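# Topology and contacts: notes
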Amino acid sequence: MKTVLAIETSCDDTSVAIVNSEGWVSGSLSLNQDQAHAKFGGIVPEIASRNHTFHLLPLIEELFSVTAMKPQTLDAVVATNRPGLIGSLIVGVTTAKSLAMAWDRPWLGVNHLEGHVVAPFLKDSQYHPEFEPFRSDEPFLALTVSGGHTSIYHVHQFGKYEVLGATLDDAAGEAFDKFGKMLGFGFPGGIKVDRASAGGEPDKYDFPRGLINEEHLSMSFSGLKSSAMRLIDELEERGGTELIQTELAHLCSSFQEAVADVLVAKLDRALDQTGVNGVILTGGVSANSRLRERVKAWAEKRSVQLQIPPLRYCTDNAAMIGFAGALRVERGEFSEWSTATSPYSLPQDFTSAPGATP
Ligand code: KG4
Ligand code: ZN
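Please read all numbers here as calculations on a predicted model, not as lab measurements. (Residues numbered from 1 in each chain as written. Chains lettered and ligands numbered in written order. Predicted model: local features only at pLDDT ≥ 70, side-chain atom pairs only at ≥ 80, totals over all residues. Heavy atoms only, no water.)

## Considerations on the site of ligand 1
- Looking at ligand 1, there are 18 residues lining it, with Gly147, Asp177, Asp194, Gly284 and Asp316 nearest.
- Between ligand 1 and Asp177 there is a distance of 2.6 Å, counted from an oxygen atom to a side-chain nitrogen or oxygen.
- Contact distances for ligand 1 include 2.9 Å between an oxygen atom and a backbone N or O atom of Asp316.
- Alone, ligand 1 offers 560 Å² of accessible surface; in the complex the protein occludes 88% of this.
- At the level of elements, α4 (112–118), α5 (172–182) and α6 (190–196) are the ones that each hand at least two residues to the shell around ligand 1.
- Of the residues contributing to the shell around ligand 1, the split by class is 4 nonpolar, 11 polar and 3 charged. (Near = heavy atom within 4 Å. Polar contact = N/O pair within 3.5 Å; in protein donor to acceptor, adjacent residues only side chain to side chain. Areas by Shrake-Rupley, 256 points an atom, 1.4 Å probe, with all protein chains shown as cover. Helix = DSSP H or I, 4+ residues; strand = E, 2+ residues; numbered from the N terminus. Nonpolar A, V, L, I, M, F, W, Y, C, P; charged D, E, K, R; others polar.)

## Examining the side chain of Asp316
- Tracing the backbone through its elements, the reader meets Asp316 in the loop between α9 (311–314) and α10 (318–330).
- Notably, Asp316 is buried but unbridged: the nearest opposite-charge side chain belongs to Arg292, and the N-O separation is 13 Å.
- In terms of polar contacts, Asp316 uses its side chain to reach the side chain of His112, at 3.1 Å.
- Side chain to side chain, Asp316 and His116 meet in a polar contact 3.1 Å long.
- Apart from the residues lying within four places of it in its own chain, the contact partners of Asp316 are Glu8, Ser10, Cys11, Asp13, His112 and His116. (Buried < 20%, exposed > 50% of the residue type's maximum accessible area, 1.4 Å probe, protein only. Lys, Arg positive; Asp, Glu negative; His and termini not counted. Salt bridge = Lys/Arg side-chain N within 4 Å of Asp/Glu carboxyl O. Contact = heavy atoms within 4.5 Å.)

## Some remarks on the packing of aromatic side chains
- Counted according to the given criterion, the structure contains 12 aromatic pairs.
- A ring pair is formed by Tyr153 and Phe350, whose centres lie 4.9 Å apart and whose planes are at 25°; its orientation type is stacked. Of this pair, Tyr153 sits in strand β7 (residues 150–157) while Phe350 sits in the loop between α10 and β11 (351–352), and the two are 197 residues apart along the sequence.
- Since its relative accessible area comes to 2%, Tyr153 is described here as buried.
- A residue is classified by how much of its surface remains accessible, and Phe350, at 18% relative accessible area, is buried.
- Taking 5.9 Å as the distance between ring centres and 50° as the angle between the ring planes, the aromatic pair formed by Tyr161 and Phe350 counts as tilted. (Phe/Tyr/Trp six-rings, centres within 6.5 Å; stacked < 30°, edge-to-face > 60°.)

## Side note on the coordination of the zinc ion (ligand 2)
- Distances from the zinc ion (ligand 2) to its protein donors, namely His112 (NE2), His116 (NE2) and Asp316 (OD), fall within the range 2.0 to 2.1 Å.
- Between the donor residues of the zinc ion (ligand 2), the gaps in sequence give the motif H-x3-H-x199-D. With His112 and His116 both in helix α4 and 4 residues apart, this pair spans about one turn of that helix. (Donors = N, O, S within 2.8 Å, 3.2 Å for Na, K, Ca; no water.)

## Notes on a negative patch on the surface
- Together, Asp233, Glu234, Glu236 and Glu237 make up a negatively charged patch on the protein surface.
- Within the secondary structure layout, Glu234 lies in helix α7 (residues 222–274). (Patch = residues over 30% accessible without salt bridge, like charges linked within 9 Å, V, L, I, M, F, W, Y side chains within 5 Å. Charge placed at Lys NZ, Arg CZ, Asp CG, Glu CD.)

## Regarding the sheet that holds strand β6 (residues 140–145)
- If you trace the 6 strands from one edge of the open sheet to the other, you get β10-β9-β6-β7-β8-β11, paired in mixed fashion. For this open sheet the edge positions go to β10 (305–307) and β11, each flanked by a neighbour on one side alone.
- Strand direction decides the pairing type here: β7 and strand β8 (residues 160–166), joined by 6 bridges, are antiparallel. Along β8, the bridge assignment pairs Ser151 with Ala166. (Pairing = 2+ DSSP bridges.)

## What about the side chain of Asn317?
- Here Asn317 shows up in the loop between α9 and α10.
- By relative accessible area, which is 1% here, Asn317 ends up buried.
- Among the polar contacts made by the side chain of Asn317, one reaches the main-chain carbonyl oxygen of Tyr313 at a distance of 3.4 Å.
- In this structure the side chain of Asn317 is engaged in a polar contact, spanning 2.9 Å, whose partner is the backbone nitrogen of Met320.
- The residues contacting Asn317, other than those within four sequence positions of it, are Glu8, Ser15, Leu122 and Arg312.

Here it is in structure tokens:
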């Protein structure tokens with residue numbers, strides 16, 4: 001078993017954790033920068049990188065203090081080094097390499113998306129997954145839905161990911177955030193759309209379900225965004241902001257229903273194509289209450305095992321990076337001191353199924 005210090009700074013959350021290759025989280029601390037970016041209506045990369053430099057080392061110091069662990073007990077230091085915002089990644093990677101060198105330990109760069117794939121299998125004092133396909137090399141499907149990615153992977157085993165389909169334009173999280181912005185929720189809007197949907201009628205507004213009837217597993221969420229914009233303009237013209245407020249729960253509920261319909265339909269096809277027994281829903285948007293409900297109901301109907309992480313492991317966190325890293329360290333994998341960051345995944349990270357979204 002290997003134990004690692006993990007650093008996640010691929011976007012705007014600064015997160016650190018100590019995790020082992022069984023998925024056990026000894027400690028995990030995160031700071032979000034939502035307030036710093038809210039007034040700009042989106043993430044400003046320069047501000048994100050600068051804030052990571054403020055927060056990262058004090059957070060690591062606090063992590064050692066709350067876990068009562070020492071660097072000497074670590075086997076390696078791992079950090080997300082792809083994909084993500086370059087400035088943000090550089091802060092995490094440079095810190096990881098420096099600490100590893102100072103402590104005479106190896107370091108390893110981890111793919112952020114692999115972190116999301118292992119997130120449902122983390123363990124702590126309050127959460128234990130019901131099924132662990134990694135242990136038996138059992139293949140499963142991963143629906144990874146975040147602010148930057150929306151993809152369905154056929155996970156053949158840990159480290160072997162085949163892309164079956166992905167969004168051709170906006171990620172689902174991005175669509176949620178843009179919709180939230182139109183409604184004046186600020187940034188990030190996803191969670192606010194979720195909260196505002198309470199009590200709304202999911203079929204009051206008929207938002208487009210892009211590519212839902214296509215046999216392939218590619219997805220599209222940009223039409224949803226344009227249609228929402230037109231609808232909100234129209235409602236505003238008719239009844240001003242008062243009407244928008246009256247309709248708010250219906251609008252949010254109908255919007256997330258459209259997203260859930262597409263994701264569930266594609267997952268259903270992916271299951272037909274692969275015949276696996278297990279599915280995971282992961283990434284920031286897997287925190288969405290309606291999507292969780294819909295995917296749970298679907299998994300029951302199709303009699304497949306389903307694992308969704310608890311909310312703290314849905315959105316970006318270092319624990320998931322630590323688990324992926326520790327599993328790789330256990331296999332003897334390390335990065336060079338010269339290994340750098342990349343805004344994209346590397347060609348060896350994923351394969352593509354024939355006819356899958358490029
Ligand atoms: O995985 P994540 O933390 O970061 C990326 O890797 O992108 O995902 C962030 C995304 C944002 O778009 C955010 O609005 C969305 O996840 N999100 C939600 C909810 N919580 C977070 N979207 C819908 N409903 C939620 N409850
Ligand atoms: Zn993420």
